[in-house]
Amino acid sequence: MNRTADVVIVGAGVIGSATAFELAKRGYKTLNIDKLPASGYGSTSNSCAIVRAHYSTWDGVAMAYEGFFYWDDWNKYLEVEDERGMAKYMKTGSIMFMLKGADHSKKSLNEDDSFFDKSGDQIEGAVWTPGSGYVSDPQLATHNLQVATEAKGGEFLFDAEITEIRQSNGQIQGVTLKSGEQIDCKVLVNVAGPHSFIINQMAGVEDDMNIKTKALRHEVHHVSSPPGFDFEKDGVHTSDGDNAIYFRPETGNSILIGSEDPECDPKEWIPNPDEFNREITDSQWKAQVYRCMRRIPTLEEPSRKRGVVDLYDVSDDWLPIYDSTRIKGYYMAIGSSGNQFKNAPIAGHCMAELIEACEKGQNHDEDPVQVKTVYTGLTLNMGFYSRNREINPNSSFSVNG
Ligand SMILES: Cc1cc2nc3c(=O)[nH]c(=O)nc-3n(C[C@H](O)[C@H](O)[C@H](O)COP(=O)(O)OP(=O)(O)OC[C@H]3O[C@@H](n4cnc5c(N)ncnc54)[C@H](O)[C@@H]3O)c2cc1C
């Protein structure tokens, strides 16, 4: 007889594990299946794990703001002690520059002598949010979620690749693994991160979706703090739209620098998420590190390049898709577009509510599920995250969401 589960979750990244925890809490027998050897080993492992609430839509802000409370409440929320330790929420505060138009990031590389000149435009101001910060270790946070899920009866299967999604009469029946093993379930959730489009193609739903997802290569660089300044202790997360970078403190008195992907930098879309260059490139290193040197003139360029390379799972409008599909029992939490680590626990809550409502017969496409949040008491309209929405013109069309 085949192994069975109430819900199979494709992936054990931070969002897949949070979805499992919320479903297991509601009494579902969950099974996360991941082709990697442990939880949080996919794109989650290299996440900058920044927690902030500035997004370009009301729904985006409401969801991220709700997320603050989960991270603040982490140990109590999970109700377990992980013997590996618990992830910590480092509340550095967050500063976001307000811009007036001209964008200095258009002068991107050091070949341009004027790169370090003042752009001439004033930054209008900045928004300071003291409750923001970052999570100390994204992989550990995911392991914490795994332990909490297991405590509620959920299971995890690693080193197991899903190669077929079985369905009949428009209803999910289960999955087949590369080993040939079949696992039966009536509910399946695609939380495959940068592989999300492959899973959707496997299920045959991609062509029906108005909003699709694809994988984008992203570099993050680490540099030492400027001399005489302890950035790890005294630095803040900064969203510097003027230089098209974001940066935050990192352990080892370092600064971690990511890109806001300005138009002048070519985007590297990756057709096969299992094959991409994991080395830091000279051109992107210069773009990001030199931009940070514009903001912090005492910063010195390190002699050795340090950092990580991974993939974003980007949707057409850089907003996530949290939705059901035309196949009964097939759901997705995808298109996290480089900005949904922070939302993993609240996304898990929303997915569990959505799945429960749909499995009880609600047609989410016609009558979108409304989710009442736990901490802020706001109501989130899950229709906002529909796969069939029009491209949202209010999006930043960037990692800022
Ligand atoms: C470099 C980088 C920096 C980021 N910085 C931030 C940030 O500062 N703040 C923020 O909020 N967000 C950030 N993000 C985004 C955030 O990290 C992601 O949205 C989040 O980690 C995605 O989690 P996930 O569970 O959806 O996917 P993943 O962690 O990618 O997990 C998906 C899993 O699915 C598995 N899988 C795929 N296909 C199969 C298959 N066929 N069979 C079995 N298993 C399969 C994979 O092995 C993988 O482990 C960043 C992302 C990156 C890449």
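Data block above holds the structure.
Bear in mind the structure is a predicted one, so any value in this text is a computation, not a measurement. (Residues numbered from 1 in each chain as written. Predicted model: local features only at pLDDT ≥ 70, side-chain atom pairs only at ≥ 80, totals over all residues. Heavy atoms only, no water.)

Peer 1: Before we move on, can you summarise helix α2 (residues 58–72) with the specific residues and values?
Peer 2: Taking 1.5 Å as the rise per residue, α2 with 15 residues should run 21 Å; its terminal C-alpha atoms sit 22 Å apart, in good agreement. Residues D59, G60, A62, M63, A64, E66, G67, F68, Y70 and W71 constitute the buried set of α2. (Helix = DSSP H or I, 4+ residues; strand = E, 2+ residues; numbered from the N terminus. Expected span 1.5 Å × (residues − 1). Buried < 20%, exposed > 50% of the residue type's maximum accessible area, 1.4 Å probe, protein only.)

Peer 1: Talk me through the packing of helix α1 (residues 14–25) against helix α8 (residues 344–359); I want residue IDs and the actual numbers.
Peer 2: Where α1 contacts α8, the two axes come as close as 7 Å, and the packing angle between them is 50 degrees. By the angle between their axes, α1 is oblique relative to α8. The handedness of the crossing between α1 and α8 comes out as right-handed. Contact with α1, carried on its side by V14, I15, A18, T19, E22 and L23, involves A344, P345, A347, G348, H349, M351, A352 and I355 of α8 and no other residues of that element. The residue makeup of the contact of α1 with α8, split by class, is ten nonpolar, three polar and one charged. (Axes fitted to C-alpha atoms, helices over the stretch in contact; angles between N-to-C directions. Parallel < 35°, antiparallel > 145°, perpendicular 65-115°, else oblique. Left-handed = near helix turned anticlockwise from the far one by under 90°. Contact = heavy atoms within 4.5 Å. Nonpolar A, V, L, I, M, F, W, Y, C, P; charged D, E, K, R; others polar.)

Peer 1: Hey, could you go over the sheet that holds strand β21 (residues 330–334) for me, with residue numbers and the actual values?
Peer 2: Strand order in this open sheet of six strands is β9-β3-β2-β13-β21-β20, and the pairing throughout is mixed. Among the strands making up the open sheet, the edge pair consists of β9 (155–157) and β20 (321–324). Neighbouring strand axes in the sheet, compared pairwise and without regard to direction, differ in orientation by 15 degrees on average. Relative to β21, β20 runs antiparallel, the two sharing four bridges. Bridge pairing in β21 links S324 to Y331. (Pairing = 2+ DSSP bridges.)

Peer 1: Report on empty space enclosed by the protein, specifying residues and quantitative values.
Peer 2: Within the structure shown, the criterion is met by two cavities of 30 Å³ or more. Computed from the structure, the largest cavity encloses a volume of approximately 60 Å³. The residue makeup of the lining of the largest cavity, split by class, is six nonpolar, six polar and no charged. (1 Å grid on protein atoms, 1.4 Å probe; cavity = no way out; pocket = protein on both sides within 12 Å on 5 of 7 lines; lining within 4 Å. Points joined across faces, edges and corners; volume = space filled by probe spheres on them.)

Peer 1: Explain the site of the ligand to me, using residue names and the numbers behind them.
Peer 2: The environment of the ligand is formed by 37 residues, the closest being D34, S43, T44, S336 and K342. In this structure, an oxygen atom belonging to the ligand sits 2.8 Å away from a main-chain N or O atom of I50. When the ligand sits alone it has 1,000 Å² of accessible area, and the protein chains cover 97% of it. Listing elements by their share of the shell around the ligand, those giving two or more residues are α1, β14 (213–224) and β19 (307–315). Considering only residue class, the shell around the ligand consists of 17 nonpolar, 15 polar and five charged. (Near = heavy atom within 4 Å. Polar contact = N/O pair within 3.5 Å; in protein donor to acceptor, adjacent residues only side chain to side chain. Areas by Shrake-Rupley, 256 points an atom, 1.4 Å probe, with all protein chains shown as cover.)

Peer 1: Can you break down the pattern of salt bridges residue by residue, with the values?
Peer 2: Per the counting criterion, the structure on display carries 24 salt bridges. Between R248 and E250 there is a salt bridge whose closest N-O contact spans 2.9 Å. Here R248 and E250 have matching classes, each one buried. Each of E22, K25, R26, E353 and E356 takes part in one network of salt bridges that share partners. (Salt bridge = Lys/Arg side-chain N within 4 Å of Asp/Glu carboxyl O.)

Peer 1: Account for the nonpolar core, naming residues and giving values.
Peer 2: Counting residues in each nonpolar core, the largest one holds 55 residues, and the members touching the most others are W74, L78 and Y322. Those elements giving two or more residues to this core turn out to be β2 (7–10), α1, α2, α3 (74–78), α4 (138–151), β13 (187–190), β21 and α8. When residues in this core are grouped by element, the largest group, ten residues, is from α8. Not counting residues within four places of it along the chain, the set of residues in contact with W74 comprises M86, A87, A141, N144, L145 and P345. (Core = buried A, V, L, I, M, F, W, Y, C linked by side-chain atoms within 4.5 Å.)

Peer 1: An account of the sheet that holds strand β11 (residues 171–177) is requested, with residue identities and associated values reported.
Peer 2: Here we have four strands laid out as an open sheet, ordered β1-β12-β11-β10, and mixed in their pairing. Of all strands in the sheet, those bounded by a partner on one side alone are β1 (3–4) and β10 (162–168). The pairing of β10 with β11 spans six bridges and is antiparallel. Bridge pairing links I162 to L177 in β11.

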